[in-house]
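# Descriptive analysis of the structure
Here are the chains, one letter per residue:
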Amino acid sequence: MASINTAFKALCLSLLLVAVSSSPTTELKIFDVQSYGAKGDGTSDNAKAFTNAWKDACAWKGRSKVYVPKGAFYLGGVTFAGPCNCQTSFVIDGVLLAPTNNDDIKKETWVNFSYINYLTISGSGTIDGQGKESWPLNNCNTNDHCPRLAVSMGFDFVNNSRIEGITSLNSKAGHLNFFFVDNFTIAGVNITAPGDSPNTDGIKIGFSSNINISNTHIGTGDDCIAILSGNTNLFIYNVTCGPGHGISVGSLGKNKDEKNVEGLMVKDTVFTGTSDGIRIKTWESSATEIALSNFVYENIQMIDVQSPINIDQQYCPYPPCKKTGDSHVQIQNVTLNNIWGTSMNKEAPWIRIEWFKPKVTDKIRFSF
Ligand SMILES: *[C@@H]1O[C@H](CO)[C@@H](O)[C@H](O)[C@H]1NC(C)=O
Ligand SMILES: *[C@@H]1O[C@H](CO)[C@@H](O)[C@H](O)[C@H]1NC(C)=O
Ligand SMILES: *[C@@H]1O[C@H](CO)[C@@H](O)[C@H](O)[C@H]1NC(C)=O
Ligand SMILES: *[C@@H]1O[C@H](CO)[C@@H](O)[C@H](O)[C@H]1NC(C)=O
Ligand SMILES: *[C@@H]1O[C@H](CO)[C@@H](O)[C@H](O)[C@H]1NC(C)=O
Ligand SMILES: *[C@@H]1O[C@H](CO)[C@@H](O)[C@H](O)[C@H]1NC(C)=O
Ligand SMILES: *[C@@H]1O[C@H](CO)[C@@H](O)[C@H](O)[C@H]1NC(C)=O
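Residues numbered from 1 in each chain as written. Chains lettered and ligands numbered in written order. Predicted model: local features only at pLDDT ≥ 70, side-chain atom pairs only at ≥ 80, totals over all residues. Heavy atoms only, no water.

Two faces, one strand: in a regular strand the side chains alternate between the faces of the sheet. Relative to strand β2 (residues 64–68), strand β1 (residues 29–32) runs parallel, the two being bridged by four bridges. Looking across to β2, one finds that Ile30 is bridged to Lys65. Read as a crossover between parallel neighbours, the route from β1 over helix α2 (residues 47–59) to β2 is right-handed. (Pairing = 2+ DSSP bridges. Helix = DSSP H or I, 4+ residues; strand = E, 2+ residues; numbered from the N terminus. Right-handed = clockwise from strand over helix to strand, strands pointing away.)

With that settled, consider the site of ligand 1. Looking at ligand 1, the residues that line it are Thr79, Glu108, Thr109, Asn112, Ser114 and Asp156. Within the side chain of Thr109, an N or O atom sits 3.3 Å from an oxygen atom of ligand 1. Taking Asp156, its side chain carries an N or O atom lying 2.9 Å from a nitrogen atom of ligand 1. For ligand 1, whose free accessible area comes to 360 Å², the fraction covered by protein is 59%. Ranked by residue count, the leading element in the shell around ligand 1 is strand β7 (residues 109–117), at three residues. Taken together, the residues of the shell around ligand 1 sort by class into no nonpolar, four polar and two charged. (Near = heavy atom within 4 Å. Polar contact = N/O pair within 3.5 Å; in protein donor to acceptor, adjacent residues only side chain to side chain. Areas by Shrake-Rupley, 256 points an atom, 1.4 Å probe, with all protein chains shown as cover. Nonpolar A, V, L, I, M, F, W, Y, C, P; charged D, E, K, R; others polar.)

We now examine the UniProt feature "active site" (unreviewed entry) in the protein chain. When the UniProt feature table is mapped onto this chain, "active site" (unreviewed entry) is found at His245. Summarising the element assignment, His245 is placed in the loop between β18 (232–241) and β19 (247–252). Given the relative accessible area of 27%, His245 is considered partly exposed. Contact partners of His245, with chain neighbours within four places excluded, come to Gly221, Asp222, Asp223, Cys224, Ser275, Asp276 and Arg279. Within polar-contact distance, the side chain of His245 engages the backbone oxygen of Gly221 at 3.4 Å. (UniProt positions renumbered as here; feature names shortened; annotations may be inferred. Buried < 20%, exposed > 50% of the residue type's maximum accessible area, 1.4 Å probe, protein only. Contact = heavy atoms within 4.5 Å.)

Moving on, we get to the pattern of salt bridges. Counted under the stated rule, the structure contains five salt bridges. For Asp223, the salt bridge identified is with Lys281, shortest N-O distance 3.8 Å. Of this pair, Asp223 sits in the loop between β16 (209–219) and β17 (225–227) while Lys281 is found in strand β21 (residues 276–283), placing the two residues 58 residues apart along the sequence. We note a salt bridge from Arg279 to Asp276, for which the minimum N-O separation is 3.5 Å. Take Arg279: its relative accessible area is 13%, and that puts it in the buried class. (Salt bridge = Lys/Arg side-chain N within 4 Å of Asp/Glu carboxyl O.)

Within the protein chain, residue pLDDT values average 89, and 88% of them lie at 70 or more. Taken as a whole, residues 357–361 scores under 50 in pLDDT and shows nine contacts with residues more than four places along the chain or in a different chain. (pLDDT = per-residue confidence, 0-100.)

This part covers the site of ligand 4. As a structural note, the neighbourhood of ligand 4 is formed by Thr167, Leu169, Asn190 and Thr192. A distance of 2.3 Å separates an oxygen atom of ligand 4 from a polar side-chain atom of Asn190. Against a free-state accessible area of 360 Å², the protein chains account for coverage of 37% of ligand 4. For the shell around ligand 4, the secondary-structure elements that each account for two or more residues are β11 (167–169) and β14 (190–192). Across the shell around ligand 4, the residue classes tally to one nonpolar, three polar and no charged.

Dropping the structure here:
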């Protein structure tokens, strides 16, 4: 990775130097979506204008910025793909409006950033997934042929990048999804959906490393943060979560080809009115042999949380639950330090730990 970064920087820098010698303007070049025909009237489809603005910004041989001014910009599914020539930023001061009908997105992810290095997304704007109409279609617990609803914003193979300031509102499925991402900062983001909206996870992370989430509020109808297979070195700091299902590692163990989760620090975080706070969930009859290790949860406040600490190695949200196999998911070296507050549910314990077999679990250290 380091050598790739160095090569990238060298390329970008040499391009800048070429720009210096061949033209007088070396500063940031702005690509305003309006100059590509985008209209902030809430109804025109702006997918083409946005894609064209992105293509030019990405190909620009110098620092570039795609700019979305104030206004309501309706757009169907879009992919902003790299590789780009230099550092690219995407500044959203307006509102991006998703189609209300999920079928009109025609993609797994509504706004998909992929194969990019050095991307910055920022601004005071909102990406509005307009999920309300789609939420009743989410009946996958009972219907095997349920529609697959779109995630609002996805990052696939995007490295050395950041998102800050943006609000993500009412996604159809998850809000922000990270897949094969390395060195990504999420700061000062606001993620909001009603507490009863199904499957509206705030931040989902898989196969990623060095992710830093800070100063962020997440209130949704599902996990605030879902940490899935194959992650290393995640840092979560000064996050407020609620409503929602807490900060969750898993579920894991159900599918083959899952990888370890190693190195998680959750610090200075407040859970308000969530079903769970700190949560680890693994399936009992696991298909993979993996380890979840080196987790630290520190300085965490619970306010009216139903199940503040819930480590469950017999996770099975709906029947049939096969309770015969061996769990091959080991949980190792988890530290819970300075966790306090109030719990909602008189029947549920403050700390619930369902080991599948004590043997497969290393050690958990508590200090309150
Ligand atoms: C995002 O776009 C890339 C490039 O077209 C594609 O390979 C990838 O599957 C898309 N990801 C999602 C989750 O839609
Ligand atoms: C980003 O990092 C991932 C994993 O470290 C790697 O697979 C991918 O090729 C990188 N993408 C870019 C655009 O450099
Ligand atoms: C991580 O990404 C940032 C840009 O967001 C960059 O400045 C920094 O050098 C990267 N760190 C590493 C270790 O590559
Ligand atoms: C987050 O955004 C929602 C919707 O725009 C707003 O109601 C709420 O006040 C915001 N919360 C924070 C903490 O900024
Ligand atoms: C995470 O990001 C925050 C805000 O940008 C910064 O203050 C903090 O030092 C970073 N932490 C790590 C471990 O990178
Ligand atoms: C924590 O995050 C909030 C935004 O959610 C911000 O207003 C506050 O300044 C942050 N606190 C610290 C200590 O960084
Ligand atoms: C346990 O996890 C902590 C925090 O990640 C780490 O510093 C420590 O080295 C780990 N201990 C072992 C024995 O792996």
